[in-house]
Amino acid sequence: MAVRDILLMGDPRLFRVAKPVTAFDTDELHLLVSDMLDTMHAANGAGLAAPQIGVDLQLVIFGTNAPNPRYPLAPPVPRTVLINPVITPLAAPGDADPQWVDDWEGCLSVPGLRAKVPRCQRIHYAGFDPFGDPIERTVEDFHARVVQHECDHLQGKLYPMRVHDFTQFGFTSVLFPGLDAAADD
Ligand code: NI
């Protein structure tokens, strides 16, 4: 168990397309997950992707089972380890097409900043847990946003690449002066 260094935007390892995990329930994989959980908790992150600690694998973790001090108004998302994920955009019931919604995001690899980022409001996602058991969920809103943000890391994408209105991109301390001082990234 160890807190690992989080790579910052500009590091070329954040821009790779990650490789699929091929061996499940190994000591190596469980150790990686354990290190990622320690690292996410130490940084109060809503999620973390393996490329953010320099590991070139399709593995993300997210969720806290409790309110997150960096996102105090966000509803709890169940703690999840998701491997080799596949996301499918879904239309909300009664809608013909998937809806895209702008909301605020931050990233541990882009400390001190937030931006409004468009994400699909409702998605289905599928993948595997570290034991190789399948995970399948249909989710909305903040949960859907977190999954899309983390899975973007596996495609070498950071949220600033999706910002379309740069008046809605700035320093957390300016945009949200009341936010907990510890929530600076
Ligand atoms: Ni991120």
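Definitions and cut-offs
Residues numbered from 1 in each chain as written. Predicted model: local features only at pLDDT ≥ 70, side-chain atom pairs only at ≥ 80, totals over all residues. Heavy atoms only, no water. Helix = DSSP H or I, 4+ residues; strand = E, 2+ residues; numbered from the N terminus. Expected span 1.5 Å × (residues − 1). Buried < 20%, exposed > 50% of the residue type's maximum accessible area, 1.4 Å probe, protein only. Patch = residues over 30% accessible without salt bridge, like charges linked within 9 Å, V, L, I, M, F, W, Y side chains within 5 Å. Areas by Shrake-Rupley, 256 points an atom, 1.4 Å probe, with all protein chains shown as cover. Salt bridge = Lys/Arg side-chain N within 4 Å of Asp/Glu carboxyl O. Lys, Arg positive; Asp, Glu negative; His and termini not counted. Charge placed at Lys NZ, Arg CZ, Asp CG, Glu CD. Pairing = 2+ DSSP bridges. Axes fitted to C-alpha atoms, helices over the stretch in contact; angles between N-to-C directions. Contact = heavy atoms within 4.5 Å.

Caption draft 1: Quick look at helix α2 (residues 141-154). End to end, α2 covers 21 Å across 14 residues, agreeing with the expected 20 Å (1.5 Å per residue, within 8%). Taking burial as the measure, the 14 residues of α2 include 12 buried ones, the bulk of the element. For α2, the complete set of buried residues consists of His143, Ala144, Arg145, Val146, Val147, Gln148, His149, Glu150, Cys151, Asp152, His153 and Leu154. Backbone geometry just after α2 places glycine 156 at a positive phi near 75 degrees.

Caption draft 2: A negative patch on the surface, seen in detail. On the surface, Asp25, Asp27, Glu28 and Asp133 cluster together into a patch of negative charge. In this fold, aspartate 27 is placed in helix α1 (residues 27-42).

Caption draft 3: Summary view of the sheet that holds strand β2 (residues 59-62). Spatial ordering of the open sheet is given by β1-β2-β3-β6-β7, a layout of 5 strands whose pairing is antiparallel. Edge positions in the sheet fall to β1 (47-49) and β7 (134-140), since each has one partner strand and no second. Along the sheet, successive strands turn relative to each other by an average axial angle of 35 degrees, direction set aside. Here α1 sits on the sheet and contacts β1, β2 and β3 (80-89); the angle it forms with β2, its principal contact strand, is near 40 degrees.

Caption draft 4: Quick peek at the pairing of β3. Inspection of the sheet shows β2 paired to β3 by 4 bridges, in the antiparallel sense. Pairing of isoleucine 61 across the sheet is with valine 81, part of β3. Here 5 bridges tie β3 to strand β6 (residues 122-128), and the two strands are oriented antiparallel to one another. Residue pairing for β6: threonine 88 is matched across the bridge by histidine 124.

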